[in-house]
Amino acid sequence: MLYAENLAKSFGPTDLLTGIDFIIGGGEHAGLVGPNGGGKSTLLKLIAGDLKPDSGEAGYRGGALGYLRQEAGLQDENTLLEELWLAFPEARAIEHRLEAVAHKIESGEGDLDALIDEQARLFEQFDAHDGYRIEARIGRVLDGLGFEPGDDQKRCGEFSGGWQMRIALAKVLVRRPENVLLDEPTNHLDAKTRAWLADELQDWTSSILIVTHDGEFLDRVATRILDLRDRTIESYAGNYSAYQRQKADKLQAQDQAAARQERELARQQRFIDRFGAKATKATAVKSREKAIARVERIDRTKKEAEVHFELNATGRTERDVLMVKHLAHAYGDVPVLLDVNLHIERGQKVALVGPNGSGKSTLLRIAAGLLTPTEGSVEWAERARPGYYDQHQDEALEAGRTVLEEVRTVAASEPDVKLRTVLGQFLFRGDDVFKKVSMLSGGERSRVALAKFLIQPTNVLLLDEPTNHLDKTTRRKLIEALQGYEGTILCASHDPGIVEGVATHVYEVADGAVRELLQLRKA
């Protein structure tokens, strides 16, 4: 069971959560939705005990907790298999003791009969913890999450950021705990893996709370939606689509009730204005004035704030923007790209698709000059001004800086008024620009990273999964901006909004090669 009872949490003068109450029982799969910065990740941290509430309670009962945070938190030197075994500390401790006892028996140390008795007890305990089936469970989960045979012996530090998040997710899935918190579990997953994860979670009898902007995923997994906004929470039965219908009906009813109240108040006010000066109507006027004063006003629904920004290309490039010739790259003995050739012309919007780990990010980093290829060359047009956006750009933000200070690091010569104008377009207004990065939600950090990227002059965009971590509105606005961008784009993305709505050309990166799949529209 996951729960909150009259929960409240503030950061400085800002009240983030007040009077939060809910219970998620066994078998309930709840989606937690709401605007970025509204406290969703904070609520998960309070339930897990990572943060302490100002008042009230939050936590879990009736079993263990599995928690997927937005940071992987792996031990880089562990192999993948060793890292996943950390999800089974009891079984792992028994296994280590069994190894020690076996060594003593073989070496003739200690009382042999006592050691054999202990070994028998340990075998029983290991079986009781399902120890003999743990590696089979690990293998099934790794296969479902798209890992390749042999990956279990690679060190965690050798995996890319997206794959490290898959390892962190696997640590929750293999344990299958009674209580589960998942913070943006689908951000680094392709469509096939998202579908597998949805199927996996559907059958769980655990209490699950999921923070995600992926409505399709919640439609398949959620049995209930918790809507967190304006510091309070409301519960809706059913999946995400059912929540949207109920929410729309509720907002419509609220607007209709507000309109009726406004008409009635206006009618009463007209009576007061008309007869206020007449002594014969004084009693009636006073009565109506008191009645109006006692009325609890019904607020009209408010449209949520949206980001507003444009992407403008600075200067025009030559026709041949980027030439990649006979490019190859390997990490140690593992080849990732083999004899890749790519020719991108001015105005083209190229989407790179393919499974995670296929080399899309590597190709982008080489094109951006951040990685030296093992072989081959990258030639840019003379007037090209490329800008690179990493899918983990938000992780590179300095926690101790304010939002304004962070953006100033890439635009030191720009006046504060311009920086604050740009940040205002990304919903950082007034004193919000003085918030520390450490206090921002994952979505807010992504907006800061996006603001940093967009304030720099470019005419070529190199984008690595740019819609990861973005809420639905910001994602839509970014896709619209990319559609209207007059420069050139090279983008790695699983997002159909980019692949189908932005790209003029689609290339598949797989098995070390890059090949054109289709040309969707003219550049």
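Residues numbered from 1 in each chain as written. Predicted model: local features only at pLDDT ≥ 70, side-chain atom pairs only at ≥ 80, totals over all residues. Heavy atoms only, no water.

Core analysis: the largest hydrophobic core is formed by 51 residues, its most contacted members being Leu-173, Leu-182 and Leu-201. Setting aside residues no more than four positions away along its own chain, Leu-201 makes contact with His-29, Leu-173, Leu-182, Ile-208, Phe-217 and Val-221. Counting residues in hydrophobic clusters, the runner-up holds 36 residues, among them Phe-309, Leu-427, Ile-479 and Ile-489. (Core = buried A, V, L, I, M, F, W, Y, C linked by side-chain atoms within 4.5 Å. Buried < 20%, exposed > 50% of the residue type's maximum accessible area, 1.4 Å probe, protein only. Contact = heavy atoms within 4.5 Å.)

Below, the discussion takes up the sheet that holds strand 7 (residues 207–211). Taking strand neighbours across the sheet as the criterion, the six strands line up as 5-6-7-3-8-9 in an open arrangement whose pairing is mixed. Because the sheet does not close on itself, it has two edges, and the strands there are strand 5 (65–68) and strand 9 (232–237). Across the sheet, the axes of successive neighbouring strands diverge by a mean angle of 15 degrees, strand direction being ignored. Against the sheet, helix 9 (residues 240–275) engages strand 3 (29–33), strand 8 (224–229) and strand 9, with an angle of about 115 degrees to strand 9. (Pairing = 2+ DSSP bridges. Helix = DSSP H or I, 4+ residues; strand = E, 2+ residues; numbered from the N terminus. Axes fitted to C-alpha atoms, helices over the stretch in contact; angles between N-to-C directions.)

Attention now goes to the packing of aromatic side chains. Under the counting rule described, the total for this entry stands at nine aromatic pairs. Here the aromatic rings of Phe-126 and Tyr-132 are separated by 5.0 Å at their centres, their planes lie at 90 degrees, and the arrangement is edge-to-face. Ring centres 5.2 Å apart and planes at 75 degrees place the aromatic pair Tyr-236 and Tyr-243 in the edge-to-face group. Both residues of the pair, Tyr-236 and Tyr-243, count as buried. In this structure an aromatic cluster arises from ring pairing among Phe-147, Phe-159 and Trp-163. If you follow Lys-9 out to its NZ or CZ, it ends over the ring of Phe-11, 5.4 Å from the centre. Above the face of the Tyr-3 ring, Arg-61 is positioned so that its terminal group lies 4.0 Å from the ring centre. (Phe/Tyr/Trp six-rings, centres within 6.5 Å; stacked < 30°, edge-to-face > 60°. Lys NZ or Arg CZ within 6 Å of the ring centre and 35° of its normal.)

In the contact formed by helix 9 and helix 10 (residues 282–294), the axes pass within 10 Å of each other and the chain directions differ by 145 degrees. In this structure, helix 9 meets helix 10 at a crossing whose hand is left-handed. Contacts between helix 9 and helix 10 pair Leu-265, Arg-267, Gln-268, Gln-269, Phe-271, Ile-272 and Phe-275 from the former with Ala-284, Val-285, Arg-288, Glu-289 and Ile-292 from the latter. Across the contact of helix 9 with helix 10, the residue classes tally to seven nonpolar, two polar and three charged. (Left-handed = near helix turned anticlockwise from the far one by under 90°. Nonpolar A, V, L, I, M, F, W, Y, C, P; charged D, E, K, R; others polar.)

A few words now on empty space enclosed by the protein. A complete count under the given rule lists three cavities of 30 Å³ or more for this structure. Put simply, the parts of the chain that give the lining of the largest cavity at least two residues each are helix 1 (40–48) and helix 14 (442–454). In terms of residue class, the lining of the largest cavity is made up of two nonpolar, eleven polar and three charged. One number sums up the size of the second largest cavity: a volume of about 50 Å³. Leu-68, Met-165, Arg-166, Leu-169, Glu-184, Pro-185, His-188 and Leu-189 are the residues that line the second largest cavity. The element contributing the most residues to the lining of the second largest cavity is helix 6 (residues 161–175), with three residues. Of the residues contributing to the lining of the second largest cavity, the split by class is five nonpolar, one polar and two charged. (1 Å grid on protein atoms, 1.4 Å probe; cavity = no way out; pocket = protein on both sides within 12 Å on 5 of 7 lines; lining within 4 Å. Points joined across faces, edges and corners; volume = space filled by probe spheres on them.)

Treat this as a map of the structure, not an account of what it does.
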